[in-house]
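# Structural overview for review
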Amino acid sequence: MKTTVKILMIIGVVGTMLSCKSSFNATETMQVEQNRNAIYKEIISNPVQLTNFINEAQKDQAAKKILMKAHMEQMESGNMKMMIEKNPEMKEKMQSHMQMMMEENPEMKQKMQSKMLAKLMESEMGRKMLMDEIHKNEMMKKEMKAKMMQMMNENPEMMEEMMEKNPEMMKKLKEKMKKES
């Protein structure tokens, strides 16, 4: 009888161990919002796990695009600006990283310059600051003159309209043209 009880107990323990075998399914786990939030919190709270997660995301092209889009949205929202102002070391790192990225990717550099220019052109102060910068920089001044001349040649009505709206500009332009000739 004792032997039978021992054998039944061993079979019961072994049976229990075999039936408790874990069968983790990530897709099923992520479908439950509580599980998903718990996983997110766990990853975020552990710097090593967060770093590993970001490294894995950087390996996937689609995830990389999503991360870059989110980063750009953060930059445009102003949240990043406040965070950078509080941490000068972070500001230096980000500037050097952006510089490196733009040197490696001319297309990105062009997009960034276009966005910055559009942002400057939105406000009167930005336009004035841009014009001051152009007047200080000889290379920019030459480029701007060439572009303006091209635009005026292509669209003489625009030139006439600009001159009618701003007679002071017309006067300055005529003076500059006389000096150059």
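Residues numbered from 1 in each chain as written. Predicted model: local features only at pLDDT ≥ 70, side-chain atom pairs only at ≥ 80, totals over all residues. Heavy atoms only, no water.

### Structural notes on the overall build of the protein
In terms of regular secondary structure, the protein is built from 12 helices and 0 strands. The C-alpha atoms of the protein give a radius of gyration of 32 Å, which is well past the 16 Å a tight globule of 181 residues would have. If one aligns the C-alpha atoms of the protein with their principal axes, the spans along those axes are about 120 × 35 × 25 Å. Across the 181 residues of the protein, 9% fall into the buried class. Nonlocal contacts in the protein, meaning residues at least 24 apart in sequence, comprise 12% of its contacts between residues at least 6 apart. Carbon and sulfur atoms make up 61% of the accessible area of the protein, which totals about 16,200 Å². Of note, the protein has its 31 positive side-chain charges centred 5 Å away from the centre of its 27 negative side-chain charges. (Helix = DSSP H or I, 4+ residues; strand = E, 2+ residues; numbered from the N terminus. Rg over C-alpha atoms; globule rule 2.2 N^0.38 Å. Buried < 20%, exposed > 50% of the residue type's maximum accessible area, 1.4 Å probe, protein only. Contact = heavy atoms within 4.5 Å. Areas by Shrake-Rupley, 256 points an atom, 1.4 Å probe, with all protein chains shown as cover. Lys, Arg positive; Asp, Glu negative; His and termini not counted. Charge placed at Lys NZ, Arg CZ, Asp CG, Glu CD.)

### Concerning a nonpolar patch on the surface
The grouping of I7, L8 and I11 at the surface amounts to a nonpolar patch, some 310 Å² of accessible area in total. One can find I11 in helix α1 (residues 2-19). On the basis of relative accessible area, I11 is assigned to the exposed category, the value being 53%. (Patch = residues over 30% accessible without salt bridge, like charges linked within 9 Å, V, L, I, M, F, W, Y side chains within 5 Å. Salt bridge = Lys/Arg side-chain N within 4 Å of Asp/Glu carboxyl O.)

### Thoughts on the pattern of salt bridges
Under the criterion given, the structure shown has 3 salt bridges. Across the pair E89 and K93 runs a salt bridge whose closest N-O atoms are separated by 3.7 Å. Within this pair, E89 and its partner K93 are both found in helix α7 (residues 88-104), separated by 4 residues, close to a single helical turn. On the accessibility criterion, K93 (54% relative accessible area) is exposed.

### Quick look at helix α8 (residues 106-122)
Helix length check: α8, at 17 residues, gives a terminal C-alpha distance of 25 Å against a target of 24 Å (1.5 Å per residue), a fit within 8%. For α8, the side-chain oxygen to backbone nitrogen distance between the N-cap and E107 is 3.2 Å, and the N-cap itself is N105. (Expected span 1.5 Å × (residues − 1). Polar contact = N/O pair within 3.5 Å; in protein donor to acceptor, adjacent residues only side chain to side chain.)

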